[in-house]
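# Geometric and topological summary
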Amino acid sequence: MQLNNQKVLIIGSGGREHSIGWKLKQSEHNPVLYFAPGNAGTANIGTNVNIKATDISGLLEFVKKEKIDLTLAIPDDPLALGIVDEFRKSDFRIWGPTKDAAKLEWSKAYSKKFMEEHNLPTAKFKVVTDFEDGIKYMESMSLPIVVKASGLALGKGVIIAETLDEAKTALEDMLVNKKFGNAGEEVVIEEFMEGPEISTHAFSDGVSSQAFPPSQDHKRIGEGDTGLNTGGMGTIAPLPFVDEGTFMQIKNTIILSTLVGMEHDGVPFEGVLYPGLMLTKDGPKILEYNARFGDPETQTYMRLLKTDLLEIFNAIVNKELSMYKVDWNEGFACTIILASGGYPGDYEKGKVISGIGDAEQDNDIVVFHAGTKLNENGELITNGGRVLGVSAIGETLEEALAKAYKAVAKISFEGMQYRKDIGKKALSLLK
Ligand code: AMP
Ligand code: GLY
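How each quantity is defined
Residues numbered from 1 in each chain as written. Chains lettered and ligands numbered in written order. Predicted model: local features only at pLDDT ≥ 70, side-chain atom pairs only at ≥ 80, totals over all residues. Heavy atoms only, no water. Near = heavy atom within 4 Å. Polar contact = N/O pair within 3.5 Å; in protein donor to acceptor, adjacent residues only side chain to side chain. Areas by Shrake-Rupley, 256 points an atom, 1.4 Å probe, with all protein chains shown as cover. Nonpolar A, V, L, I, M, F, W, Y, C, P; charged D, E, K, R; others polar. Helix = DSSP H or I, 4+ residues; strand = E, 2+ residues; numbered from the N terminus. Contact = heavy atoms within 4.5 Å. Pairing = 2+ DSSP bridges. Axes fitted to C-alpha atoms, helices over the stretch in contact; angles between N-to-C directions. Phe/Tyr/Trp six-rings, centres within 6.5 Å; stacked < 30°, edge-to-face > 60°. Buried < 20%, exposed > 50% of the residue type's maximum accessible area, 1.4 Å probe, protein only. Lys NZ or Arg CZ within 6 Å of the ring centre and 35° of its normal. Patch = residues over 30% accessible without salt bridge, like charges linked within 9 Å, V, L, I, M, F, W, Y side chains within 5 Å. Salt bridge = Lys/Arg side-chain N within 4 Å of Asp/Glu carboxyl O. Right-handed = clockwise from strand over helix to strand, strands pointing away.

## Quick look at the site of ligand 2
Lining the immediate environment of ligand 2, one finds Asp 217, Gly 231, Tyr 274, Arg 292, Gly 294, Asp 295, Pro 296 and Glu 297. A distance of 3.5 Å is found between a nitrogen atom of ligand 2 and a backbone nitrogen or oxygen belonging to Gly 231. Relative to its unbound accessible area of 200 Å², ligand 2 is 89% covered by the protein chains. Classifying every residue of the shell around ligand 2 gives two nonpolar, two polar and four charged.

## Notes on the site of ligand 1
For ligand 1, the set of nearby residues contains 14 residues, the closest of which are Lys 148, Glu 190, Met 193, Glu 197 and Glu 288. Residue Lys 148 places a side-chain N or O atom 2.9 Å away from an oxygen atom belonging to ligand 1. In this structure, a nitrogen atom belonging to ligand 1 sits 2.9 Å away from a main-chain N or O atom of Glu 191. Listing elements by their share of the shell around ligand 1, those giving two or more residues are strand S7 (145-149), strand S8 (158-161), strand S9 (187-191) and strand S18 (283-290). Broken down by class, the residue content of the shell around ligand 1 amounts to seven nonpolar, no polar and seven charged.

## So, the environment of Tyr 274
Inspection of the secondary structure assignment puts Tyr 274 in strand S17 (residues 270-280). Taking the C-alpha atoms as reference, Tyr 274 lies 29 Å from Tyr 347; in sequence the two are 73 residues apart. Ignoring anything within four residues of it in the chain, the contact list for Tyr 274 reads Ser 199, Thr 200, His 201, Lys 219, Glu 288, Tyr 289, Asn 290, Arg 292, Phe 293, Gly 294 and Glu 297. Here Glu 297 takes part through its side chain, which lies 2.8 Å from a polar atom of the side chain of Tyr 274.

## Overview of the sheet that holds strand S3 (residues 47-48)
Across the sheet, five strands lie side by side as S3-S2-S1-S4-S5; this open sheet has parallel pairing. Of all strands in the sheet, those with a lone pairing partner are S3 and strand S5 (94-95), marking the two edges. Bridge analysis of strand S2 (residues 32-37) against S3 gives two bridges, and the strand direction is parallel. Within the sheet, the bridge partner assigned to Phe 35 lies in S3 and is Asn 48. Across the face of the sheet, helix H1 (residues 15-24) comes into contact with strand S1 (7-12), S2 and strand S4 (70-73) while running at roughly 160 degrees to S1.

## Things to note about the side chain of Ser 199
Within the secondary structure, Ser 199 sits in strand S10 (residues 197-199). Side-chain polar atoms of Ser 199 contact the side chain of Glu 297, separated by 2.7 Å.

## Some thoughts on the packing of aromatic side chains
Applying the stated rule across the entire model yields 16 aromatic pairs. Judged by centre distance (6.1 Å) and plane angle (85 degrees), the ring pair of Phe 203 and Phe 293 falls under edge-to-face. Of the two residues, Phe 203 is situated in strand S11 (residues 202-205) and Phe 293 in the loop between S18 and helix H10 (297-304); the sequence distance between them amounts to 90 residues. A residue is classified by how much of its surface remains accessible, and Phe 203, at 0% relative accessible area, is buried. Look at Phe 293 and you get buried, because its relative accessible area is 0%. Chaining the aromatic ring pairs together yields one cluster made of Trp 95, Phe 203, Phe 212, Phe 293, Tyr 301, Phe 313 and Trp 328. The ring of Tyr 418 is capped by Lys 420, whose NZ or CZ atom sits 4.6 Å from the centre of that ring.

## Here we look at a nonpolar patch on the surface
Among the surface-exposed residues, Val 158, Ile 160 and Phe 192 lie close enough to one another that they form a single nonpolar patch of about 210 Å² accessible area. If you trace the backbone, Ile 160 turns up in strand S8.

## Some points on unusual backbone geometry
Here Ala 36 and Pro 37 are connected by a cis peptide whose omega angle stands at -5 degrees. Here Pro 37 lies in strand S2. The omega angle of the peptide bond from Tyr 343 to Pro 344 is 10 degrees, so this bond is cis rather than trans. One non-glycine residue, Asn 30, lies in the positive phi region at around 45 degrees.

## Brief notes about the sheet that holds strand S19 (residues 332-339)
Taken in spatial order, the five strands line up as S13-S16-S19-S23-S20 in an open sheet, and their pairing is antiparallel. The sheet terminates laterally at strand S13 (216-217) and strand S20 (365-369), the two strands that pair on one side only. Pairing analysis gives eight bridges linking S19 to strand S23 (residues 386-394), with the strands arranged antiparallel. Bridge assignment links Ala 333 to a residue of S23, and that residue is Ile 393. Its contacts with the sheet put H10 on S13, strand S16 (234-237), S19, S20 and S23, and the angle it makes with S19 is roughly 145 degrees. On the sheet, helix H13 (residues 397-408) packs against S16, S19, S20 and S23 and is oriented at approximately 30 degrees with respect to S19.

## Considerations on the pairing of S1
Two faces make up the sheet, and in a regular strand the side chains alternate between them. Among the six residues in S1, five count as buried, and that is most of the element. Sheet topology places S1 next to S2; six bridges connect them, and they run parallel. Its bridge partner lying in S2, Leu 9 is registered against Tyr 34. Remark: the S1/H1/S2 crossover connection has right-handed handedness. Inspection of the sheet shows S1 paired to S4 by four bridges, in the parallel sense. If you follow Ile 10 over to S4, its bridge partner there is Leu 72.

## Brief notes about the environment of Thr 382
Mapped onto the secondary structure, Thr 382 falls in strand S22 (residues 380-382). We classify Thr 382 as buried; its relative accessible area is 1%. Here the alpha-carbon distance between Thr 382 and Pro 275, two residues 107 residues apart in the chain, equals 31 Å. Those residues in contact with Thr 382 that sit more than four places away from it in its chain are Ser 340, Glu 348, Lys 349, Gly 350, Lys 351, Ile 353, Gly 371, Val 387 and Phe 413.

What follows is the structure, given as structure tokens:
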């Protein structure tokens, strides 16, 4: 497949997709980018196409009409709908896991059973569909108890119950009251794990894989990891508190073992595997799998990636990843998310955003767009919960964070909120 001037369709509309496009634009092969549906930032580096990420037939029609050479299936929803399988049926080149491989993310019941069968380190658990069975198991556990809806629930389907009553209520909400719809038909009940939480990613073509440096997200809305869960409020990478030995252990006992297990089960994993881990006192354990790039992790990763991303995506689709070495720049990167007031609850849209140009005066800063669009007057306005990702690079993590926060101070919109403690916990672990 010719790489020069490839027409690439990126599915999605977040900061993750903008950062992937930003990195692809640096390819020496000059790809031509399309985003479905994209945002105001992606419109500056490619063409936005007004098709939803879940409209598979609409997307298929578009790639046929525009003669797209490669489609990147980035968000979880289209993967769970089987976009990769559908595109392949029609002989279109697409990057991402099949529906069966993405099941590692869209069914926690499946992924926990997979971990058990392949002896992968994770919290002790039971999958239940019957309320009474669940109660019986919970009564045998120590507190807190973790209760999870098996399906995709926008990060809201996980309850950490401090009391048995709370755990029972959570189970009842999921199984009996159907609070999460189909996503709660099966429930995973598991033991609580303690330790720093980290994100790992690896490119895989089903046979060969290459791990990214470890990163850390900050999922709660409030400083000191308090308040509601969000999609992620800020990331750092690499992690100074993860030593080479621990990273090797993660690569061997978690990433490689998972990919070998998937291949063994007849569902080779192609794309990016993203296991969320807890570094417990008994070693790294798997919290969950994602079958895609993380957001905002990817905004940070793209600032560190050295290798031509267009070549990597094509190598994976061609099952030639073993011929490539994915390289990362020295130093550190971070991303601070600027969110709408009220997020992750209700929030208003349409607030005028100012100061991005000023923030990007520093060459080490890149501001990625998530929920943004232009209004009728051509002004940049907010259009979602997570609005912007302010990313910075530096020789040290402290330096990257200081630059990022200096840039954040130049940006404003009504109600803007962000966490002021991104990376703080990681730095304190070093002291
Ligand atoms: P998940 O969607 O499974 O990653 O869960 C969402 C969040 O809940 C994770 O990022 C963790 O912070 C927390 N969590 C999930 N499972 C556990 C567990 N077994 N022990 C402690 N915290 C957990
Ligand atoms: N950073 C969290 C996620 O992408 O799921």
